[in-house]
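Here is what each chain is made of, one letter per residue.
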Amino acid sequence: MGKGYKSIETKYYEERAAFFDELGKLDRRAFLRVAGISAGIAAGMGLVTPQSFQLVRVAEAQGSKQRFSFAYISDTHLYKKELNDRFVRSILRAVDDVNALDPQPDFVLFGGDLAQLGQAEELKLGAEILKAVKAPVKMMVGEHDWFLDMGEKWRELFGAPTYSFDHKGVHFVVLNSILEKDFWTERGYTPMERMKVVAGLDNAIQSRFEVGAEQRKWLEQDLAKVDKKTPVIVFSHSPLYKYYRPWNFWTDDADEVQALLRPFQQVTVIHGHTHQVLTNRIGNIDFHGMLSTAWPWPYAPEGLPSLTVQMNRPDPFSNFDGMGNGRIDVLEAGAVDKLYRLWDRAPMNVRASYLASNGKKDAPPRPKLPSY
């Protein structure tokens, strides 16, 4: 065996070490180097299937004037780098997708669950990677980011989890929708025990998610300053309706939050958490779920909103199937056209006209394979 021979494993670990070394000093220039290393390793492991497509300006196709667009990246579930680097490579792919958009979005929404177990190293790793996004980033918290230290590190890195802002005639609200009633103090749980219970989702120990009375009061006061004709877009991690309680695809006080939004002519809620294409309409409110960059969730056995056109069953042998990121075009009327940029598949559009017509117009194509 020659002196210069290196096994596949040795080469992989050397490249992995270089990858994380560059990640520690990430800037725009370093991102290109890191993304190159990531793509090389992923291709060598058979994890990347080439795909290219042209972004469709569905707002123009409909003849509706477009105000602006924003992109999203969501549910990255980063572990400490010693444990898992696959999810790191997925968020890098999403950042690369968003940075390649032309024209660039006005901003990028991060939809929550940056970390897997809320640890400082996980959150800091995610914050470093998101610095490479060209457009401004708006952050939203998820339960995996919160319940280890009850948001202490999140606030230090990203500020308050609840806030609002106005942009080009639209009022945006960011909520912390993953609060829970205290199940841990009486049981004497450690912070990590509490975190792991919440991360489990499908157990009888934790309560269901909620926005909570204090935040609902804040929302009421915030919306009191907004004209009822102004379009409102709300970002929440959990869906602001009741989808499937056993998996905590659920917000207990969703009805109360919806009541605060009911006086407005046009309301859209964009949520993460469910890791799937998900579409709903309740009264004046359109709901769109976001894709994950970590893994796809199966659809729940009941409670699926009738307007949801399910994405095809993910291929278990394809690392990126059923995952992705996306773009949202905000139309002049305040409704949105939602582009799901599914990796390794054709994109999927859910148009504002589809929701406004309760599914009678512009329906997305039905899946060819049954979903889970």
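What counts and how
Residues numbered from 1 in each chain as written. Predicted model: local features only at pLDDT ≥ 70, side-chain atom pairs only at ≥ 80, totals over all residues. Heavy atoms only, no water. Phe/Tyr/Trp six-rings, centres within 6.5 Å; stacked < 30°, edge-to-face > 60°. Helix = DSSP H or I, 4+ residues; strand = E, 2+ residues; numbered from the N terminus. Buried < 20%, exposed > 50% of the residue type's maximum accessible area, 1.4 Å probe, protein only. Lys NZ or Arg CZ within 6 Å of the ring centre and 35° of its normal. Core = buried A, V, L, I, M, F, W, Y, C linked by side-chain atoms within 4.5 Å. Contact = heavy atoms within 4.5 Å. Salt bridge = Lys/Arg side-chain N within 4 Å of Asp/Glu carboxyl O. Pairing = 2+ DSSP bridges.

(A) Main features of the packing of aromatic side chains. Across all of its chains, the model carries 22 aromatic pairs by this definition. Where Phe70 meets Phe107, the ring centres are 4.9 Å apart and the plane angle is 5 degrees; that geometry is what we call stacked. With a gap of 37 residues between them, Phe70 in strand 1 (residues 66-73) and Phe107 in strand 2 (residues 107-110) connect regions that are remote in the sequence. Here the two residues Phe70 and Phe107 agree in accessibility, since each one is buried. Here Tyr243 and Phe249 contribute two aromatic rings whose centre-to-centre distance is 5.5 Å and whose plane-to-plane angle is 40 degrees, an arrangement assigned as tilted. Comparing Tyr243 with Phe249, the two get one shared label, buried. The positively charged end of Lys138 is found above the aromatic ring belonging to Phe165, 4.2 Å away from the centroid. In this structure, Arg194 packs its charged tip against the face of Trp184, placed 5.2 Å from the ring centre.

(B) Examining the nonpolar core more closely. Formed by 52 residues in total, the largest nonpolar core has its most connected members in Phe70, Phe172, Ile233 and Phe235. Those residues in contact with Phe235 that lie beyond four places of it in its chain are Phe70, Phe107, Leu109, Met140, Phe165, Phe172, Val173, Val174, Leu175 and Ile270. Counting 41 residues, the second-largest nonpolar core is a separate cluster that includes Ala115, Ile129, Met195 and Phe320.

(C) Highlighting unusual backbone geometry. Between Asp102 and Pro103 the backbone carries a cis peptide bond, its omega angle lying at 5 degrees. Structurally, Pro103 can be placed in the loop between helix 4 (86-99) and strand 2. The phi dihedral of Asn248 falls on the positive side, at around 60 degrees, and the residue is not glycine. On the secondary structure map, Asn248 appears in the loop between strand 6 (232-236) and helix 10 (254-261).

(D) Inspection of the pattern of salt bridges at higher detail. Using the criterion set out here, one finds 13 salt bridges in the structure. Its salt-bridge partner being Lys153, residue Glu156 comes within 2.8 Å of it at the nearest N-O pair. Remark: Lys153 and Glu156 occur in helix 7 (residues 152-158); sequence separation between them is 3 residues, near one turn of the helix. Residue Glu156 is classed as exposed on the basis of its relative accessible area, which comes to 57%.

(E) Here's a closer look at the pairing of strand 11 (residues 336-342). With respect to burial, strand 11 is a largely interior element, 7 of its 7 residues being buried. The hairpin formed by strand 10 (residues 324-331) and strand 11 contains 4 residues between the paired strands, and Gly334 there has a positive phi angle of roughly 105 degrees. Across 3 bridges, the pairing between strand 11 and strand 12 (residues 348-350) is antiparallel. Bridge pairing in strand 12 links Leu339 to Asn349. Hairpin connection between strand 11 and strand 12: a loop of 5 residues separates the two successive antiparallel strands, and Asp344 in this loop has a positive phi of roughly 60 degrees.

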